[in-house]
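Each chain is listed here by its residues.
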Amino acid sequence: MSEKIKHYSGEALKSADIEEGRVPTEKCRPKAKFAWSAGMAMSRFLEELKNGKIIATTCNKCKRIMVPPRIYCENCFKPTDGWTYVKDIGTINTYSVSYLAADATRLKEPIIVAIIDLDGASESMGIIHKLGEIDPKEVKFGMKVKAVWKPPEERVGAITDIKYFKPIKEEKP
Amino acid sequence: MSEVAIVGVGCVGFRPILPELSYKELMFEAAVKAYEDAGINPRKDVDVFITCAEDYLEGFSIFDEFVPDQLGAVLRHLFTVSGDGLLGLATAYMLIKTGQFDTVVLEAHSKASDILTFMDIVAFALDPILNRPLGGHPYYVAGMEMNRYLHDTCTTMEQCAQVAVKNKKNALENPYAAYGANITLDQVLCSDTWFYPLKKLEISTPADGCVVMVLASENVAEKLTDKSIWVKGVGWCTETPNLETRDWSKTVYTRLAAEMAYKKARIHSPWKELDFAEVNDLFAYKELQHMEALKLCEYGEAGKLTEEGLTARNGELPVNPSGGLLGMGYGLEASGMQKLLEVVLQLRGEAGRRQIPDAEVGLAHAWRGIPTATGITAVLSNVK
């Protein structure tokens, strides 16, 4: 309240006034439902996840191996030239430890979300997923991680066919 | 100030459903066609990209963020016009007129088949306190408008039905049309009454498709092509959103949008000076109403002219030679671009079997559908 105004006229509205119907309200919940066509690139990507594989598309001009796949190279603006599998192993590019759920309530177990540059794909290409079997304090940039897949019979062709990525020890050369 | 030209067009669809393509892939295909047509490289030759989309029709918040890749606009200069494609045309026109930008890409699409609850989305545009609680299908708004229009002008149900017959027939010659058909007046009149007096066959059905265009300043256009189509004038207008207080008979929004465009294009007698018109026909009666508001004829005369065949493809002033939205399908925010595409193809002489001989000046008009009262008009010519 500003210094000049000591008191506003009228009654302050309390949430009980709304809940108990003492003030008129109008409620409306939009029925907004969508089913997006996945298209050529995403359909194949999801199909391959069901097979336990990660597929990329390639551009012969800029030589990139692109994942998630697309049917056009956005840099060269031309159709892509082929499909190729990349590994389900990658390197942590960046990560965050999320302590809150979407409704801002505190999670009992935090979620670790990471950008994972996949082996076999071009630089800064990969997947965004959760990390598991690791203490948040142990996560490091450049750490090698591997996909933990759901059993084949539980896969439906979705990004969640991978449960999470877990750290692997790098093999010594 | 530079003149503004359309130098490239690309279209995919329109089809009742394009399940094989994602909206991104749909846009990519239309963009490739448009850039090929204009002879440009989008990664180097475009100053601004404009996409016309409404988040609620896409199912995404901040839809512009999903657009750059498929248009060749990554790390380039893009924004969304949240409205019909012709509002995007008006924006592109203004950008080029400033002299600061030479090449502008314009995109609008419909992936109507991705929307599972289309009418609920339309209903969500109604006033939440005054209108939405009444329930019902939002197209009753069109029924009320048609009823008042027929009452005020003595236009007949037969005359409205004739619009559907004509447009669906025109669409049979248009490869970009989803719903071409040879139907009779009786079939339209005997189709179900859905929103009295509006009949089922007088209502456009949504369709999937995408239109991309390349616009350029005079200097750039003349280097690129000898088939430039010049934007002579653009106008737009919005009436009150209140259903309770708007004019139900005369579509004043379209009249004022037309006057704005005609003034710029120096059109004084539209019926004489325009060779054809692509007019919003989301509902059959809307074509008649909009013709009158566009000054293509006197108020209350459009039905009679249609009945006499003057607006047929071989008539004195063809209206919707493309097949209109009744024939092509309702392309949501791309519906103005469907009109614009036909105007460009006709003026280039590339309209195939539906070509209007010696067409020099054409008009494209859009209305944003139920429950809006927004109209946009553009006048184009193949003569600078």
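Residue positions are given per chain, counted from 1 along the sequence in the order it is written. The order in which chains are written sets their letters, starting at A; the order in which ligands are written sets their numbers, starting at 1. Under the rules for a predicted model, residues below a pLDDT of 70 receive no local features and side-chain atom pairs below 80 are neither given nor counted, while totals for whole chains, interfaces and linings still include all residues. As a rule here, side-chain values cover all heavy atoms of the structure and leave hydrogens and water aside.

Asks: Please explain helix α5 (residues 85-97) of chain B as it appears in this structure.
Replies: Think of an α-helix as turning once every 3.6 residues; residues three or four places apart then point the same way. Residue and element names in this part refer to chain B. Secondary structure elements are defined from DSSP: runs of H or I of at least 4 residues count as helices, runs of E of at least 2 residues count as strands, and each element is numbered from the N terminus. Multiply 1.5 Å by the residue count of a helix minus one, and that product is the helix's expected span. Taking 1.5 Å per residue, 13 residues should reach 18 Å; α5 reaches 18 Å between its end C-alpha atoms and fits that length. Only protein chains enter the accessibility calculation, which uses a 1.4 Å probe; a residue whose area is less than 20% of its type maximum is buried, one above 50% is exposed, and one in between is partly exposed. Counting buried positions along α5 gives 12 out of 13 residues, so the element sits mostly inside the fold. Of the residues making up α5, those classed as buried are G85, L86, L87, G88, L89, A90, T91, A92, Y93, L95, I96 and K97. Two residues or fewer past α5, G99 is found with a positive phi of approximately 85 degrees.

Asks: Hey, could you run me through the nonpolar core in this one?
Replies: A general feature of soluble globular proteins is that nonpolar side chains tend to end up buried together. Residue and element names in this part refer to chain B. Residues enter a nonpolar core if they are buried and are Ala, Val, Leu, Ile, Met, Phe, Trp, Tyr or Cys, with the set joined through side-chain atoms within 4.5 Å. If you look at the biggest cluster of nonpolar residues, it comprises 59 residues, and the most contacted ones within it are Y139, Y262, L274, F283, L296 and V379. Residue assignment places this core across two domains, with domain 1 (4-117 + 207-229) and domain 2 (136-204 + 231-381) each supplying three or more. Pairs of residues are marked as contacts when any of their non-hydrogen atoms sit within 4.5 Å. For V379, the residues in contact, after removing those within four places along its chain, are W230, V231, K232, G233, A261, Y262, A265, I267, L274, V361, G362 and L363. Core analysis: the second largest hydrophobic core is formed by 48 residues, V48, A92, L95 and V343 among them. Domain extents, as shown, originate in an automatic or database domain assignment.

Asks: Help me understand the side chain of T225 of chain B in this model?
Replies: Along the chain, the position of T225 of chain B falls in the loop between α10 (218-224) and β8 (229-238). A polar contact of 2.9 Å, which involves the side chain of T225 of chain B, links it to the backbone nitrogen of K227 of chain B. Two N or O atoms form a polar contact when they lie within 3.5 Å of each other; inside protein one atom must be a possible hydrogen donor and the other a possible acceptor, and for residues adjacent in sequence the pair counts only when both atoms belong to side chains.

Asks: Teacher, can you tell me more about the interface of chain B and chain A here?
Replies: The interface of chain B with chain A comprises 36 residues on the first partner and 21 residues on the second. For any pair of parts, buried area is found by adding up, for both, the accessible area (1.4 Å probe) each one loses once the two are put together. A buried area of about 2300 Å², summed over both sides, lies between chain B and chain A, and 66% of it is on carbon and sulfur atoms. Contact with chain A buries surface across chain B, with E25, F28 and D114 of chain B losing the most and accounting together for 26% of the total. One side-chain nitrogen of Lys or Arg within 4 Å of one carboxyl oxygen of Asp or Glu is enough to make a salt bridge. At the junction of chain B with chain A, the criterion picks out 1 salt bridge. Taking the shortest distance from any N to any O, the salt bridge between K31 of chain A and D120 of chain B comes out at 4.0 Å. On inspection of chain B and its partner chain A, the count reaches 11 residue pairs in polar contact (both at pLDDT 80 or more). Taken together, the elements giving at least two residues each to the side of chain B that touches chain A come down to α1 (23-38), α2 (42-45), α3 (55-58), α4 (68-71) and α6 (118-123) of chain B. If you tally residues by element for the side of chain B that touches chain A, the top one is α1 of chain B, at 7 residues.

Asks: I keep staring at the packing of aromatic side chains and nothing clicks. Help me out?
Replies: Two aromatic rings, taken as a pair, are described by how far apart their centres are and by the angle between their planes. Whether two aromatic rings pair depends on their centres lying within 6.5 Å, for rings of Phe, Tyr and Trp, where Trp uses its six-membered ring; planes under 30 degrees apart make the pair stacked, over 60 edge-to-face, and the rest tilted. Under the criterion given, the structure shown has 17 aromatic pairs over all chains. A centroid spacing of 4.9 Å and a plane angle of 90 degrees characterise the contact between Y139 of chain B and F283 of chain B, whose relative ring orientation is edge-to-face. Pair noted here: Y139 of chain B is in the loop between α6 and α7 (140-153) and F283 of chain B is in the loop between β9 (276-278) and α13 (284-293), with a separation of 144 residues, a long-range link. Take Y139 of chain B: its relative accessible area is 5%, and that puts it in the buried class. Clustering of aromatic rings is evident, with ring pairs tying together F34 and W36 of chain A together with Y23, F60, F63 and F66 of chain B. Against the face of Y299 of chain B rests K250 of chain B, its NZ or CZ located 4.7 Å from the ring centre. Either the NZ atom of lysine or the CZ atom of arginine qualifies as a charge over a ring when it sits within 6 Å of the ring centre and within 35 degrees of the ring normal. Over the aromatic face of W367 of chain B sits the side chain of K286 of chain B, whose NZ or CZ is 4.1 Å from the ring centroid.

Asks: So what exactly am I meant to see when it comes to the environment of S191 of chain B here?
Replies: Residues and elements named next belong to chain B. Inspection of the secondary structure assignment puts S191 in the loop between α9 (185-189) and β5 (193-195). The spacing of S191 and E202 is 11 residues in sequence and 8.9 Å in space, taken between C-alpha atoms. At 2.7 Å, the side chain of S191 forms a polar contact with the backbone oxygen of V188.

Asks: Could you clarify how one ought to interpret the domain arrangement of chain B in this entry?
Replies: Quoted interface sizes are often the accessible area lost when the parts come together. All names here are of chain B. According to the domain assignment, chain B consists of domain 1 (4-117 + 207-229) and domain 2 (136-204 + 231-381). Put simply, the middle of domain 1 and the middle of domain 2, counted by C-alpha atoms, are 23 Å apart. Every contact between the two is made by 37 residues of domain 1 and, on the other side, 37 residues of domain 2. Counting each side, the surface lost to burial between domain 1 and domain 2 is near 3000 Å², with a carbon and sulfur contribution of 71%. When residues of domain 1 are sorted by the area they lose upon contact with domain 2, D84, L86 and I229 head the list and together hold 23% of the total. There are 3 salt bridges connecting domain 1 and domain 2. R368 is the partner of E54 in a salt bridge, and the nearest nitrogen-oxygen pair spans 3.1 Å. Counting across the domain 1 and domain 2 interface gives 12 residue pairs in polar contact (both at pLDDT 80 or more).

Asks: Would you mind going over the state of the cysteines with me for this structure?
Replies: By definition, a disulfide links the sulfur atoms of two cysteines through a covalent bond. By convention in this document, the label disulfide applies to cysteine sulfur atom pairs within 2.5 Å. Going through the model one piece at a time under the given rule, you end up with 0 disulfides over all chains. Cysteine C76 of chain A remains unbridged, with the sulfur of C73 of chain A as its closest cysteine sulfur at 3.7 Å.

Asks: I'm lost on the pairing of β8 of chain B in this one. Help?
Replies: On a regular strand, each side chain points to the face opposite its neighbour's, so the side chains alternate between the two faces of the sheet. Residues and elements named next belong to chain B. Of all 10 residues in β8, 8 are buried, a share of seventy percent or more. Here, strands pair whenever DSSP counts at least two bridges between them. With 3 bridges joining them, strand β1 (residues 4-15) and β8 adopt antiparallel strand pairing. Bridge assignment links A5 to a residue of β8, and that residue is W230. With 8 bridges joining them, β8 and strand β11 (residues 374-381) adopt antiparallel strand pairing. Paired with G233 across the two strands is V379, which belongs to β11.

Asks: Mind showing me how you'd approach the pairing of strand β2 (residues 48-52) of chain B here?
Replies: All names here are of chain B. Counting buried positions over the 5 residues of β2 gives 5, a clear majority of the element. A two-sided burial pattern is seen for β2, the buried positions comprising V48, I50 and C52 on one face and F49 and T51 on the other. Note that β2 and strand β3 (residues 78-81) share 4 bridges and pair parallel. Its bridge partner being in β3, I50 is matched across the sheet by F79.

Asks: Looking at this structure, how should I read the sheet that holds strand β1 (residues 54-58) of chain A?
Replies: What links the strands of a sheet is backbone hydrogen bonding, and the strands pair in either a parallel or an antiparallel sense. All names here are of chain A. Reading across from one edge, β2-β1-β5 is the order of the 3 strands in this open sheet, with antiparallel pairing throughout. Edge positions in the sheet fall to β2 (65-66) and β5 (82-86), since each of these pairs with one other strand and no more. Looking at chain direction, β1 and β5 are connected through 5 bridges and run antiparallel. Opposite I54, over in β5, you have V86 as the bridge partner.

Asks: Which parts of the structure should I look at to understand the environment of F49 of chain B?
Replies: All names here are of chain B. Within the fold, F49 resides in strand β2. A C-alpha to C-alpha distance of 35 Å links F49 and V141, two positions 92 residues apart in sequence. Discounting chain neighbours no more than four positions away, the residues touching F49 are Y35, P42, L71, G72, A73, R76, H77, L78, F79 and V105.

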